[in-house]
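Structural overview
Listed below are the residues making up each chain.
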Amino acid sequence: MTYVLIIISAIFVNNIVLSQFLGICPFLGVSKRISTAIGMTGAVTFVMVIATIVTYLVQKLILDPYSIGYLQTISFILIIAALVQLVEIILKKVSPPLYQALGVFLPLITTNCAILGVAIMTILKDYNLIKAVVFSASTAVGFGLALVLFAGIREQLDLVDLPKGMKGTPIALIVAGLLALAFMGFAGLA
Amino acid sequence: MNNLKTFTNGLIKENPIFTLLLGMCPTLGVTSSATNGLGMGLATAFVLIMSNLVVALIKNLIPDKVRIPSFIVVIATFVTIVEMTMQAYVPSLFESLGLFIPLIVVNCIVLGRAEAFASKNNPISSILDGAGMGIGFTLGLVILGATREFLGSGKIFNANIYPEDFGMLVFVLAPGAFIALGFLIAIINKMKQTA
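Source: prediction; values computed, not measured.

Describing the confidence of the model for chain A
Mean pLDDT for chain A: 86, with 97% of residues reaching 70 or above. The weakest mean pLDDT in chain A belongs to helix 6 (residues 106-109) of chain A at 74; the strongest belongs to helix 8 (residues 129-157) of chain A at 91.

Remarks on the interface of chain A and chain B
Taken together, the contact between chain A and chain B spans 35 residues of the former and 36 residues of the latter. For the chain A and chain B pair, buried surface summed over both sides reaches about 3000 Å², with 86% attributable to carbon and sulfur atoms. Summed over the shared surface of chain A and chain B, the result is zero salt bridges. Scanning the region where chain A abuts chain B turns up one residue pair in polar contact (both at pLDDT 80 or more). Of the residues forming the side of chain A that touches chain B, the biggest block, nine residues, is contributed by helix 9 (residues 169-184) of chain A.

Topic: the nonpolar core
Counting 114 residues, the largest nonpolar core has L18, L22, I24, F27 and I109 of chain A together with F178 and L181 of chain B as its most contacted members. Excluding anything up to four places from it in sequence, L181 of chain B contacts L173 of chain A together with I17, F18, M24, T27, L28 and L144 of chain B.

So, the pattern of salt bridges
As enumerated under the stated definition, the model contains seven salt bridges over all chains in all. In this structure, the salt-bridge partner of E155 of chain A is R33 of chain A, at a minimum N-O distance of 3.9 Å. Placement of E155 of chain A in helix 8 and of R33 of chain A in the loop between helix 2 (24-29) and helix 3 (34-63) is noted, with a sequence separation of 122 residues between them. Residue classification places E155 of chain A among the partly exposed positions, given a relative accessible area of 27%. In this structure, E115 of chain B engages R67 of chain B in a salt bridge whose closest nitrogen and oxygen atoms are separated by 3.0 Å. Note that E115 of chain B is positioned in helix 6 (residues 108-118) and R67 of chain B in helix 4 (residues 67-89), a separation of 48 residues in sequence. Given the relative accessible area of 23%, R67 of chain B is considered partly exposed.

Rules used throughout
Residues numbered from 1 in each chain as written. Chains lettered and ligands numbered in written order. Predicted model: local features only at pLDDT ≥ 70, side-chain atom pairs only at ≥ 80, totals over all residues. Heavy atoms only, no water. pLDDT = per-residue confidence, 0-100. Helix = DSSP H or I, 4+ residues; strand = E, 2+ residues; numbered from the N terminus. Contact = heavy atoms within 4.5 Å. Buried area = accessible area lost by both parts, 1.4 Å probe. Salt bridge = Lys/Arg side-chain N within 4 Å of Asp/Glu carboxyl O. Polar contact = N/O pair within 3.5 Å; in protein donor to acceptor, adjacent residues only side chain to side chain. Core = buried A, V, L, I, M, F, W, Y, C linked by side-chain atoms within 4.5 Å. Buried < 20%, exposed > 50% of the residue type's maximum accessible area, 1.4 Å probe, protein only.

The following block contains the structure:
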């Protein structure tokens, strides 16, 4: 039951993009086409789950026992940066088709605040390892859901006749606001 | 003259929030009030100035290939300093900014300026660039924070302007952040076209 709650809360109620404001850069940056949005979602899911597991283990096995918690920010961001490189190299070798699909998005992920944000949140919420995995995976699904929905709307936005000043980013932000308003309706679920 | 230009560049012409659209996560996340915006802006400005200075000083010592990771370590060091200082001296601000303080590390503006400006220029103009960008970012956060606070609860910097009951609560919540920023950018675009 707790797992169901974690999943629903991470996907709908506390959606990472629309109510926590993490990962806005890729949300605005790669949401012009549905296909790129799906590619980005794949890459983020992959890295987010692995990064959460590794940072969790580092926190519990290294930072906590030696009480050097103040190194959290530095060590986590380095782990994520190294991990992204590693995933890129391994994917290139092991699964070229997957690399083809996710390759261009991987370098962008290092500066995606959603990854570091989820890693830190997992520690703050004091989850165990299984809950951490469930939490990070469903957060990534929530990210994907918001991204794909938004990309679908933005594809249509190209055809709309708008005042000059509203074109591009302003209207995209307002659309995101309306989407966030819709997601607020899920608040009663948790 | 040139130095002055470096400094004012970040304030208006290349304002990180309204023109470059960098650092959107903290922009939207912490601006539920003008005070929070100011705190976040100053913290980011400090990190920007210090990391620009250090990067400009050590740029010749770092091999090109490990450039980015080294920059990130420099930035993360200053973020940790800010985090600990805030926790010690302004715990209430630390509470309300929460997760977004460690996330200054992944703020694209900081790494962006280190890579695009400080790694190519001397320390003095790097400091000025960092200060200009930092103040421009702070300005943007305060404007957005004040707008949201005013529309949402009838206050600016906690000073009552009109009764709170008439406020539109949605502007303090998540959707209002997107909508308010969207309209602010549209207004600025419009002003640029007519100017």
